[in-house]
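One letter stands for each residue in the lines below.
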Amino acid sequence: MHVALSAEPTNAARWFRYAIGLRSNKLYNEALEAFEEARRLSDDRDPLIAAHMARILDKLERKDAAAHELVRATEGHRLGTRSHQAFAKKLAEVENLEAIFLGIEADASVKPLRADTLRRLAVAFRRLGHHSQANIAFAAAEARNRDNPALYLDWGNTLQDLGRYEEAIRKYTRGIELEPDHPFFYNNMGNALIEVGRLKNAIEAFNTSINLDPSYRYPHSGLGRALLSLGQPEDALVSYETAYAIDPKDHIVRTGLARALSQISDRASAINRLLDLQTLQPKDPIIANALLTTALKAEEFLLAMVNLEIVAKVAPGSNEVLALWEQLFVGHLRDNRHLSCQEARRELDRIVTYAESFESQATVLPKLKVAITNSCG
C-alpha cells in the first residue's frame, strides 16, 4: 500500500522520510525515486541516502547499481569504521569493481569520488583480507591524488601482504618523498627489503626509523631480524633486547629475541637469559624451543628434555620431535647420566603417550624399551 501524504514533500528531509515509508511497505521502485528526489534537494554526497538505496537495489538484484551506491555511501565520514567495513564486505563480492569506480567518474550528475574515500575503502578491504580489491581501490585513489602520504603507506602494506615487495618498496619510497620524517615508512620498507634480500639497505632503513623515533619498537625488531639474516646474532640480540624492553608482550619481538639467544656463541649466557624469559612465560613454546636448541649445543641434556616436552605439547604427532626425544632418551641411558632408572621409566611413559597417535611409535618405541632393558635390567 502506498504511503499517503497530506502534500507532496517539499524538502530533502521529508522526501527521505517518505522514501523510508515506501521501502517499509516494499514499494522499492517508488522508494528509489523518492530517495533520488531527496538526493536532488540535498548534498548529493549524503551517505545515508546512498546506503539505503544500495540495500533496495540489492533486493532488486541490481548488483552493479547497488555497488555504485555503496561506493558513494563510503563518502560519509560520520558513518564510522564499522559501516565502511560492512560496505567493503559487500563490495568485495563485485567482480567489476574497477568499472564501478570508472562509472561513477563518468556520471556527470554525481560529484567525483574523493581520493581519501577510496583510500579508506581500500583500508577496509585490507582489514577484511580482500587485498586484490584493496589494490584496485588504492590505484583509483592515486589517480585522483598523488600527494597523500597515508595512501602510499597503506598501499605499500597491502602490496607486502600480496608478496609484491618491490612494488611495496616503490610505494614507501613515494611516501618518503612526501613525508621524509615519518618512521613508519622506513620501518615498513625495511621489512620489504629483507624479503627481497637487500639486507644492508634494510638495516639503513631501520636505523633511520629508529633515529626518527627511538621508542618505536618495530624497527628495533626489524633491525634484529636483518642482522640475524646476515649471521650477526650478537648484534641482533642488542636490537631485540631494546625492542623487548619497549614491549615485552610483543610475540614477534619475543620470537626474535629467543632466536637470537639460541644463536650466540656464549651458550651459558644464552641459557641464563632464556631461563629468565621462561620464568615470565613458563609454557611459551618459542622460548622452550630456543632453550632446547641451546641446551643441545651445550650438552645440557636434561634441560633439553624438559623443554622438548613443552615443544611436544604444541607439535602433536611430530616425527621430528619424537626422533629428537628418542635421541635424548637413549643418550641419557647410554651415558648413565641425569636419568635414574625410575626416572627413565617415567620418561618412557611420557614418550609412549606422545607417540601413540602416529606411526613412528612402531619403530621408535621398541628401541627405547631395549635401551631401558640394557641399562636397567
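Residues numbered from 1 in each chain as written. Predicted model: local features only at pLDDT ≥ 70, side-chain atom pairs only at ≥ 80, totals over all residues. Heavy atoms only, no water.

1. Brief notes about the side chain of Arg 254
Working step 1: Topologically, Arg 254 is positioned in helix α15 (residues 251-263).
Working step 2: Residue classification places Arg 254 among the buried residues on the basis of a relative accessible area of 10%.
Working step 3: Within the local environment of Arg 254, its side chain forms a polar contact with the side chain of Asp 284, the two groups lying 2.6 Å apart.
Working step 4: The residues touching Arg 254, leaving out its near neighbours within four places in the chain, are Pro 248, Lys 249, Gln 281, Asp 284, Ile 286 and Ile 287. (Helix = DSSP H or I, 4+ residues; strand = E, 2+ residues; numbered from the N terminus. Buried < 20%, exposed > 50% of the residue type's maximum accessible area, 1.4 Å probe, protein only. Polar contact = N/O pair within 3.5 Å; in protein donor to acceptor, adjacent residues only side chain to side chain. Contact = heavy atoms within 4.5 Å.)

2. Re the confidence of the model for the protein
Working step 1: On average, the protein scores 82 in pLDDT, and the residues at 70 or more come to 78%.
Working step 2: Below a pLDDT of 50 lies the segment residues 1-6, which in the model reaches ten contacts outside its immediate sequence neighbourhood of four places, other chains included. (pLDDT = per-residue confidence, 0-100.)

3. Focus: unusual backbone geometry
When glycine is set aside, most residues are seen to have a negative phi, and most peptide bonds are trans.
Working step 1: The backbone of Lys 26 sits at a positive phi, close to 60°, despite the residue not being glycine.
Working step 2: Relative accessible area serves as the criterion here: at 61%, Lys 26 is assigned to the exposed category.
Working step 3: In the Ramachandran plot, Glu 61 falls in the positive-phi region, its phi being about 65° despite a non-glycine side chain.
Working step 4: One can find Glu 61 in the loop between α3 (47-59) and α4 (63-73).

4. Observations regarding the environment of Pro 149
Working step 1: Position of Pro 149 among the secondary structure elements: in helix α9 (residues 149-161).
Working step 2: Remark: the alpha-carbon pair of Pro 149 and His 182, spanning 33 residues in sequence, is separated by 9.5 Å.

5. Focus: the pattern of salt bridges
Working step 1: Under the counting rule described, the total for this entry stands at 17 salt bridges.
Working step 2: Across the pair Arg 39 and Glu 69 runs a salt bridge, and its minimum N-O distance is 2.6 Å. Residue Arg 39 is found in helix α2 (residues 28-41), and its partner Glu 69 is found in helix α4; the two are separated by 30 residues along the sequence. The pair Arg 39 / Glu 69 is uniform in exposure class, with both members buried. (Salt bridge = Lys/Arg side-chain N within 4 Å of Asp/Glu carboxyl O.)

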